[in-house]
Amino acid sequence: PSPAFAQIREVLLASPAAEAGISAGDRILRIGDVSAENHRQLQGIADVVRNSIDRPIDVQVARGEGDAEVLVLQLTPHSWSGPGVLGCHFMPYP
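Predicted model, so just to flag it, every value in this text is computed and none were measured.

About the cut-offs
- Residues numbered from 1 in each chain as written.
- Predicted model: local features only at pLDDT ≥ 70, side-chain atom pairs only at ≥ 80, totals over all residues.
- Heavy atoms only, no water.
- Helix = DSSP H or I, 4+ residues; strand = E, 2+ residues; numbered from the N terminus.
- Buried < 20%, exposed > 50% of the residue type's maximum accessible area, 1.4 Å probe, protein only.
- Contact = heavy atoms within 4.5 Å.
- Areas by Shrake-Rupley, 256 points an atom, 1.4 Å probe, with all protein chains shown as cover.
- Lys, Arg positive; Asp, Glu negative; His and termini not counted.
- Charge placed at Lys NZ, Arg CZ, Asp CG, Glu CD.
- Pairing = 2+ DSSP bridges.

## Thoughts on the overall build of the chain
Okay, so step 1: A count of helical and extended segments in the chain gives 2 helices and 6 strands.
Okay, so step 2: Secondary structure elements of the chain, listed N to C terminal, follow the sequence β-α-β-β-α-β-β-β.
Okay, so step 3: When the 94 residues of the chain are sorted by exposure, 43% land in the buried category.
Okay, so step 4: In the chain, the proportion of contacts linking residues at least 24 apart, taken out of those at least 6 apart, comes to 60%.
Okay, so step 5: Approximately 5200 Å² of the chain is accessible, and the part contributed by carbon and sulfur atoms is 51%.
Okay, so step 6: Across the chain, 7 positive and 11 negative side-chain charges occur, with their mean positions spaced 6 Å apart.

## Some points on the pairing of strand S4 (residues 57-63)
Okay, so step 1: With 5 of its 7 residues buried, S4 lies for the most part within the structure.
Okay, so step 2: Two elements, strand S2 (residues 27-31) and S4, share 4 bridges in a ladder whose sense is antiparallel. Across the sheet, residue Ile28 finds its bridge partner in S4, namely Val61.
Okay, so step 3: The antiparallel pairing of S4 with strand S5 (residues 69-75) creates a hairpin that spans 5 residues between the two strands, and Gly64 there sits at a positive phi of about 95°.

## As for the side chain of His78
Okay, so step 1: Along the chain, the position of His78 falls in the loop between S5 and strand S6 (88-92).
Okay, so step 2: If we ignore the near neighbours within four places in the chain, the residues touching His78 are Pro16, Glu19, Asp54, Gly84 and Val85.

As structure tokens, then:
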């Protein structure tokens, strides 16, 4: 897998990110076609999300420390009762 370039800081309850199974602490390896090589200071995430409203995006995450588990989750950005269309906060990693 690609190296991680972002980490999930927070996932809001009942959000699209929570529905997808994304957890705080997950490290993002790839989201759609965005990876460590082309994320442009995480701007690439915003671009993929904006172009994928109501359509699933494959998100590859590493979960846990050391020999981390790699999961591929499907995240569908959409309007919900909270802010934005994801309901999670990213921060650069490492």
